[in-house]
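A closer look at the structure
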Amino acid sequence: MPDRADHVEPESVAPRWILRHRPPEQSLFSGIYGLVLASALAAALDATGERADPGPDALWVLLTALASGAAHGYAHVIAQRASIDRAATTSRRRLVLAEWPLVAAVLPTVGILLVAVAGWWAEATAVDAALLFNTVALFGWGAWAAHTAGHGWPSSCRAGGLDMLIGLVIIVANALIK
């Protein structure tokens, strides 16, 4: 029989594990921004009445994410350069590369659009799937961020639901515009 001192309650392990694996604020910011960007672009590029062309659409989503990440990182460089103390705390390259979660967040949308390129789905179906995936991911990131900040699950799910509203707004706008 194991000694009581060796026994660890599962409830006490989970919060410590979550806190150790908590994403940095910058990753959450860039990841959520990337999901919203990918959703808006996928919805906008899927124009009704035009010939479906998911390959270039996937490329535009990826290129826009790369340009947005580079621009956002470079904006940090400019802001740091213009700061009062003018002390460079982080290298310029590192500031730009810190935006990688924005690009990573659009990759599922790019992958789903590439499924349409392969002919497995119509582009409209791929866009709908990407919008649904991104909306669920927004909920997950929001709930996870709230939970790792110490909120209970009911509060975390409310926070995730509020984040998910952004995706739902894009879905509703996409349906109304078409």
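Structure: see above.
Notes on the structure in this doc start here. Treat the numbers as computed from the prediction; the structure is a model and nothing was measured.

The rules behind the values
Residues numbered from 1 in each chain as written. Predicted model: local features only at pLDDT ≥ 70, side-chain atom pairs only at ≥ 80, totals over all residues. Heavy atoms only, no water. Phe/Tyr/Trp six-rings, centres within 6.5 Å; stacked < 30°, edge-to-face > 60°. Helix = DSSP H or I, 4+ residues; strand = E, 2+ residues; numbered from the N terminus. Buried < 20%, exposed > 50% of the residue type's maximum accessible area, 1.4 Å probe, protein only. Salt bridge = Lys/Arg side-chain N within 4 Å of Asp/Glu carboxyl O. Axes fitted to C-alpha atoms, helices over the stretch in contact; angles between N-to-C directions. Parallel < 35°, antiparallel > 145°, perpendicular 65-115°, else oblique. Left-handed = near helix turned anticlockwise from the far one by under 90°. Nonpolar A, V, L, I, M, F, W, Y, C, P; charged D, E, K, R; others polar.

Counted under the stated rule, the structure contains 1 aromatic pair. Ring geometry for F29 versus Y33: centroids 6.3 Å apart, planes at 15°, classification stacked. Here the residue F29 and the residue Y33 both occupy positions in helix α2 (residues 25–45), the gap between them amounting to 4 residues, near one helical turn. According to the relative accessible area criterion, Y33 is partly exposed, its value standing at 40%.

Inspection of every chain in the model, using the stated rule, returns 2 salt bridges. For the salt bridge of D46 with K178, the shortest nitrogen-to-oxygen distance reads 2.6 Å. One end of the pair, D46, is in the loop between α2 and α3 (54–81); the other, K178, is in the segment after α7 (153–177), with 132 residues separating them in the sequence. The exposure class of D46 is buried, given its relative accessible area of 9%.

Another aspect to go through is the environment of A175. If you trace the backbone, A175 turns up in helix α7. The exposure class assigned to A175 is exposed, which follows from its relative accessible area of 55%. Along the chain, A175 and A43 lie 132 residues apart, while their C-alpha atoms are 9.1 Å from each other.

So, on to the packing of helix α6 (residues 123–148) against α7. Here α6 crosses α7 at 155°, and the two axes come no closer than 7 Å. In terms of axis orientation, α6 runs roughly antiparallel to α7. As α6 packs across α7, the resulting crossing turns out to be right-handed. Per-class residue counts for the contact of α6 with α7 are 14 nonpolar, 8 polar and 2 charged.

Note that all results are geometric; they support no functional claim without further evidence.
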